Amino acid sequence: MKKILFSIFLLNIFLYAESNAKESFFQEAKNKYEKDQMKDSKFLFQRNIAFNPKDAKSYLYLAKIYNFEENEFEELKNIKTVLLLEPENEEAMFMLINIKLEKSNFSEVNNLTEKFKIICSKLCNKTEDIKKKLADIEVKKNTKQ
C-alpha cells in the first residue's frame, strides 16, 4: 500500500514538473523573442513544440521569426500549422494574406480577406490595409501596361 501511494506521489510530482517545464519553455522563448534574441527563442519555441505539438502560439512565433530571417518556406509552413490548429487565428491569417499579396495571388487574397473579415476581432482595421495594398498593386500593374 505504501509503495502504491509513493508511486502515485512520484507520478504527480513528475506530471507537475513536466507541465511547468512546458509553460516555462514558451514563456522563456517569448521573453527572448521580445528581446530580439531570435536564435535562442527559435530553439525554445521548437523545444516547446516537442513537448506540446498542438501549441499554436509557438508555431505563430516561429513564423514571425522565419519572417524576420526571410525564410518564406518555413514561415508559410508554420502559418499553415497555426491555421490548421486554430482556423480562426487572425494574426496567422493576416500573415498568410501578406505572403499571398507578395506573390500577387489576388484571387486567394480576396478569398482569405473574406474569411479574415469574418474572424477578425482585434485586427479588423487591417482589412483596409489589405484593400490599399491590392489597389496599389493594381495601379502598378496598369501603369506597366
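So, here's what we can say about the structure. The structure presented is a predicted model; accordingly, all values stated were derived computationally and were not measured.

With their axes 10 Å apart at the nearest point, helix α5 (residues 90–102) and helix α6 (residues 106–119) run at an angle of 165° to one another. In terms of orientation, α5 and α6 fall into the roughly antiparallel class. Helix-helix and strand crossings are classified by hand; for α5 and α6 the assignment is left-handed. Contacts from Glu 90, Met 93, Phe 94, Leu 96, Ile 97, Lys 100 and Leu 101 in α5 reach Glu 108, Val 109, Leu 112, Thr 113, Lys 115, Phe 116 and Ile 119 in α6. Grouping the constituent residues of the contact of α5 with α6 by class yields nine nonpolar, one polar and four charged.

For the structure on display, the rule yields six aromatic pairs. For the ring pair Tyr 33 and Tyr 61, a centre distance of 5.1 Å and an interplane angle of 75° mean the geometry is edge-to-face. One end of the pair, Tyr 33, is in helix α1 (residues 2–34); the other, Tyr 61, is in helix α3 (residues 56–68), with 28 residues separating them in the sequence. According to the relative accessible area criterion, Tyr 61 is buried, its value standing at 13%. Taken together through their ring pairs, the aromatic side chains of Phe 26, Tyr 33, Phe 45 and Tyr 61 make up a single cluster. In this arrangement the basic side chain of Lys 57 is found over the ring face of Phe 26, its NZ or CZ atom lying 4.9 Å from the centre. Its end group placed over the ring of Tyr 61, Lys 64 keeps NZ or CZ at 4.7 Å from the ring centre.

This next bit is on unusual backbone geometry. Positive phi, normally seen in glycine, also occurs at Asp 36, with a value near 60°. Among the structural elements, Asp 36 can be located in the loop between α1 and α2 (38–51). Its identity is not glycine, yet Glu 70 carries a phi of approximately 60°, on the positive side. With respect to the helices and strands, Glu 70 occurs in the loop between α3 and α4 (72–85). Residue Glu 70 is classed as exposed on the basis of its relative accessible area of 73%.

With that settled, consider the nonpolar core. One finds Phe 45, Ile 79, Met 93, Ile 97, Phe 116 and Ile 130 to be the most contacted residues of the largest nonpolar core, which totals 35 residues. For this core, the elements supplying multiple residues, two or more each, are α1, α2, α3, α4, α5, α6 and α7 (126–144). Ignoring anything within four residues of it in the chain, the contact list for Ile 97 reads Val 109, Leu 112, Thr 113, Phe 116 and Ile 130.

Calculation criteria
- Along every chain, residues carry numbers that run from 1 in the direction the sequence is written.
- Residue-level local features of this predicted model are given only where pLDDT is at least 70; pairs of side-chain atoms are given and counted only at 80 or more, and the full residue set underlies all totals for whole chains, interfaces and linings.
- Hydrogens and waters are ignored; side-chain quantities use all the structure's heavy atoms.
- Here an axis means a line fitted to C-alpha atoms, over the contact stretch when the element is a helix, while the angle between two N-to-C directions is reported on a 0 to 180 degree scale.
- Under the DSSP-based scheme used, a helix requires at least four consecutive residues in state H or I and a strand at least two consecutive residues in state E, with every element numbered from the N terminus.
- Under this scheme an angle from 65 to 115 degrees is roughly perpendicular, one under 35 degrees roughly parallel, and one over 145 degrees roughly antiparallel; angles in between are oblique.
- Throughout, a crossing is termed right-handed when the near helix is turned clockwise from the far one, and left-handed when it is turned anticlockwise from it by less than a right angle.
- Contacts are assigned to residue pairs with any non-hydrogen atoms lying within 4.5 Å of each other.
- Under this grouping Gly is polar, as are all residues other than the nonpolar Ala, Val, Leu, Ile, Met, Phe, Trp, Tyr, Cys and Pro and the charged Asp, Glu, Lys and Arg.
- Aromatic pairing here means that ring centres of Phe, Tyr or Trp (its six-membered ring) are within 6.5 Å. Orientation follows from the plane angle: under 30 degrees is stacked, over 60 is edge-to-face, and everything else is tilted.
- For every residue, the accessible area obtained with a 1.4 Å probe (protein chains only) is divided by the maximum for its type, and the residue is called buried under 20%, exposed over 50%, and partly exposed between those limits.
- Charge-over-ring placement is defined geometrically: NZ (Lys) or CZ (Arg) within 6 Å of the ring centre, and within 35 degrees of the ring normal.
- What we call a nonpolar core is a set of buried Ala, Val, Leu, Ile, Met, Phe, Trp, Tyr and Cys residues that are connected through their side-chain atoms within 4.5 Å.

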